[in-house]
2 protein chains.
Amino acid sequence: MKLQSFALALAAAAATTLALPAAAQFAKAEDAIKYRQSSLFVIGQHFSRIGAMVNGKAPYDAKAAQADAEVIASLAALPWTAFGTGTDKGAPTKAKPEVWSEHAKFDEHAKKFEAEAPKLLAAAKAGNLDQLKAAFGPTANSCKSCHDSFRAR
Amino acid sequence: MKLQSFALALAAAAATTLALPAAAQFAKAEDAIKYRQSSLFVIGQHFSRIGAMVNGKAPYDAKAAQADAEVIASLAALPWTAFGTGTDKGAPTKAKPEVWSEHAKFDEHAKKFEAEAPKLLAAAKAGNLDQLKAAFGPTANSCKSCHDSFRAR
């Protein structure tokens, strides 16, 4: 594929989104589902790395913890943009129907996580394991409480 | 699952990585494959959105373009951390054997993209469509040339 065709193919894929509500910037439900799973997976990997340090399963590495927290903070707002109307099916998903039927509550959980992520980053930047531990708990709790309510096992 | 068990499960998953080389921060090859696919998918989605603006398929929205470019720049260095030795199999992957047999060339492509991403961000921040167009081409080219050599169709 020539570069021009590549760029046009990209543009065509994105242009399809214009037919959808502004909140749903995805060509199809499948893309939205893949996008939220992808962003959450990357967040989860970096969160696990901090978790290992916090729980003494891996040596504390202040620089690595900061890099992990930076990725988490950068991605914290992204997954929720991909739970728009009509994205409850189209690909395998563990999202429960309550994501849409109790959307205000779901949003509250998302906002909670978005509020915790910069605090985790600030703690990681401080370069102190005790501060990291203190910030890790509330962040983990914000993940867990949302998963408990809105993600199927 | 209680929060403590949740945190311990996270830690246990991450602790497994200690047995692997430092570059491979993943519990298993499958996680590395999923991680690189996830980070590249999120990058691709945001890049497509900029592509649509650049190619006149979507209205130019300076603020949205900047947000897209910020996500791309934040993630630009991540995928390559997940192509470590032994991650050529373990889950479906389009990565060609050349990723590992010609690793220096692959790294060069990755570095090229990492160098383009901040330029795309700077152009997006300038709030000028012509500048965005000028930065988009070289970035798209860095994606394409790596895909051509290292990704199966």
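Model, not experiment: these values are computed from the prediction.

Calculation notes
Residues numbered from 1 in each chain as written. Chains lettered and ligands numbered in written order. Predicted model: local features only at pLDDT ≥ 70, side-chain atom pairs only at ≥ 80, totals over all residues. Heavy atoms only, no water. Helix = DSSP H or I, 4+ residues; strand = E, 2+ residues; numbered from the N terminus. Expected span 1.5 Å × (residues − 1). Buried < 20%, exposed > 50% of the residue type's maximum accessible area, 1.4 Å probe, protein only. Polar contact = N/O pair within 3.5 Å; in protein donor to acceptor, adjacent residues only side chain to side chain. Phe/Tyr/Trp six-rings, centres within 6.5 Å; stacked < 30°, edge-to-face > 60°. Lys NZ or Arg CZ within 6 Å of the ring centre and 35° of its normal. Core = buried A, V, L, I, M, F, W, Y, C linked by side-chain atoms within 4.5 Å. Contact = heavy atoms within 4.5 Å.

Visitor: I'm lost on helix H6 (residues 129-150) of chain B in this one. Help?
Guide: Helical periodicity: at 3.6 residues per turn, an α-helix aligns residues three or four positions apart in one direction. All names here are of chain B. Between its first and last C-alpha, H6 extends 31 Å over 22 residues, near the 32 Å set by a 1.5 Å rise per residue. The complete set of buried residues in H6 reads Leu132, Ala135, Phe136, Thr139, Ala140, Ser142, Cys143, Lys144, Cys146 and Phe150. The N-terminus of H6 is capped by asparagine 128, whose side-chain oxygen sits 2.9 Å from the backbone nitrogen of aspartate 130.

Visitor: Help me understand the packing of aromatic side chains in this model?
Guide: Aromatic rings in a pair are described by how distant their centres are and how their planes are angled relative to each other. For the coordinates displayed, the defined rule picks out 16 aromatic pairs over all chains. Arranged with centres 4.9 Å apart and planes meeting at 55 degrees, the rings of phenylalanine 26 of chain A and tyrosine 35 of chain A form a pair that is tilted. Counting every residue linked through ring pairs, the aromatic cluster contains Trp80, Phe83, Trp100, Phe106, Phe113 and Phe150 of chain A. Between arginine 49 of chain A and the ring centre of phenylalanine 26 of chain B, over which it is positioned, the NZ or CZ distance is 5.0 Å. The positively charged end of arginine 49 of chain B is found above the aromatic ring belonging to tyrosine 35 of chain A, 5.7 Å away from the centroid.

Visitor: Can you help me understand the nonpolar core in this one?
Guide: The tendency in soluble globular proteins is for nonpolar side chains to be buried side by side. Ranked by internal contacts, the top residues of the largest apolar core, which has 74 residues, are Ile50, Ile72 and Leu120 of chain A together with Ile50, Ile72 and Leu120 of chain B. Taken together, the elements giving at least two residues each to this core come down to helix H2 (29-54), helix H3 (62-75), helix H5 (103-126) and helix H6 (129-150) of chain A together with helix H2 (29-54), helix H3 (62-75), helix H5 (103-126) and H6 of chain B. With sequence-adjacent residues up to four places away left out, isoleucine 50 of chain B is seen in contact with Ala65, Asp68, Ala69, Ile72, Leu120, Leu132 and Phe136 of chain B.

Visitor: Can you help me understand the side chain of histidine 109 of chain A in this one?
Guide: Structurally, the position occupied by histidine 109 of chain A is in helix H5. Not counting residues up to four positions away in its chain, the partners in contact with histidine 109 of chain A are Ser145, Cys146, Ser149 and Phe150 of chain A.

Visitor: Quick question: what am I supposed to make of H3 of chain A here?
Guide: For H3 of chain A, built from 14 residues, the straight-helix expectation of 20 Å at 1.5 Å per residue is met to within 8% by its first-to-last C-alpha distance of 20 Å. For H3 of chain A, the N-terminal capping position is held by aspartate 61 of chain A, with its side-chain oxygen 3.1 Å away from the main-chain nitrogen of lysine 63 of chain A.

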